[in-house]
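Tertiary structure, described
This is what each chain is made of:
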Amino acid sequence: MDGKMEVNGCMCIATLHVSPGLQLGGSSILVEQYTQYHVTLNDEWVMRGGTTALRCVIDPTYVTDYVKVIGWKRAGHELHSSGRVSILRDGVLHIRGVQAEDTGRLSPYTCITRNILTGENRTSDGASITLHDDDGDVRDGEDGGGDDEDDDDNDDDDDDDDDHGEDDHGSDGDEDDAHEC
């Protein structure tokens, strides 16, 4: 596309070469990099009666300004703000007083997003909430409770926490420096 403009007796000529990644439309340029993104959702762990917040993760993060959460589903059914469940303005799904009926891998939560540049909707993969009881049992809502192996795992986790603390201090600095841009 060529353009000519005269200012104070001088002629200015400009040429715009459009690469395959750009589309011209009206007065705006749509850059393909803002249409290429992934929507993910992370599993959550929460104490019975506690509060959890599920957040859609948009990757890469620079696309976040152009992608909005427009809805949530659980096991294919649309969720709405009511009672213990709230969908906040920023798209976060907030659940208060978490109970067994809020959990389970067989009925995952998904978020639905819309790219405001293209109008395209995308749905995240499913994520679940796992419930921790005061007695140390872990319940995912599918089998109704923990067993003796869970108690053994909890003991192992305590040992792992100590090991992680020592290992993390020795490796964090080196690994972080190696991966920074």
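Located above this text is the structure these notes cover.
What comes next concerns the included structure. All values reported here derive from a predicted model rather than from experimental measurement.

Procedures and definitions
Residues numbered from 1 in each chain as written. Predicted model: local features only at pLDDT ≥ 70, side-chain atom pairs only at ≥ 80, totals over all residues. Heavy atoms only, no water. Core = buried A, V, L, I, M, F, W, Y, C linked by side-chain atoms within 4.5 Å. Buried < 20%, exposed > 50% of the residue type's maximum accessible area, 1.4 Å probe, protein only. Helix = DSSP H or I, 4+ residues; strand = E, 2+ residues; numbered from the N terminus. Contact = heavy atoms within 4.5 Å. Pairing = 2+ DSSP bridges. Phe/Tyr/Trp six-rings, centres within 6.5 Å; stacked < 30°, edge-to-face > 60°. Salt bridge = Lys/Arg side-chain N within 4 Å of Asp/Glu carboxyl O. Axes fitted to C-alpha atoms, helices over the stretch in contact; angles between N-to-C directions.

All right, on to the nonpolar core then. Nonpolar side chains in soluble globular proteins tend to end up buried together. Leu54, Trp72, Leu93, Ile95, Tyr109 and Ile129 are the most contacted members of the largest nonpolar core, which has 19 residues in total. Secondary structure elements with two or more residues in this core: strand E5 (38-41), strand E8 (56-59), strand E9 (67-74), strand E12 (93-95), strand E13 (109-115) and strand E15 (129-132). Residues contacting Ile95, with those up to four places away along its chain left out, are Gly50, Thr51, Thr52, Arg84, Val85, Asp102, Tyr109 and Ile129.

Another point: the pairing of E8. Only one face of E8 is covered, namely the face carrying Cys56 and Ile58; the face carrying Val57 and Asp59 is uncovered. The sheet contact formed by E5 and E8 spans four bridges and is antiparallel. From the neighbouring strand, Thr40 faces E8, where its bridge partner is Val57.

What follows deals with the packing of aromatic side chains. Evaluated as defined, the whole model comprises two aromatic pairs. Pairing Tyr34 with Tyr62 gives two aromatic rings, centres 5.8 Å apart and planes at 90 degrees, and the pair type is edge-to-face. In this pair, Tyr34 sits in the loop between strand E4 (28-31) and E5 while Tyr62 sits in the loop between E8 and E9, placing the two residues 28 residues apart along the sequence. Residue classification places Tyr62 among the partly exposed residues on the basis of a relative accessible area of 42%.

Counted by the stated rule, this structure contains four salt bridges. Across the salt bridge formed by Glu101 and Arg84, the nearest N and O atoms sit 3.7 Å from each other. With Glu101 in the loop between E12 and E13 and Arg84 in the loop between strand E10 (77-78) and strand E11 (85-87), this pair connects stretches of sequence that are 17 residues apart. Note that Asp102 is salt-bridged to Arg84, the shortest N-O span being 2.8 Å. In this pair, Asp102 is assigned in the loop between E12 and E13 and Arg84 in the loop between E10 and E11, connecting sequence segments 18 residues apart. In this structure Asp102 comes out as buried when scored by relative accessible area, which is 6%. Given a relative accessible area of 30%, Arg84 falls into the partly exposed group. Among the charged side chains, a salt-bridge network with shared partners connects Arg84, Glu101 and Asp102.

Two modes of strand pairing occur in sheets, parallel and antiparallel, and in both the strands are linked by backbone hydrogen bonds. Here three strands make up an open sheet; going across it, the order is E7-E12-E11 and the pairing antiparallel. Two strands bound the open sheet, and with one partner strand each, they are strand E7 (52-54) and E11. Direction aside, neighbouring strands of the sheet carry axes that sit 20 degrees apart on average. Bridge analysis of E7 against E12 gives three bridges, and the strand direction is antiparallel. Residue pairing in the sheet places Ala53 in a bridge with His94 of E12.

Treat this as a map of the structure, not an account of what it does.
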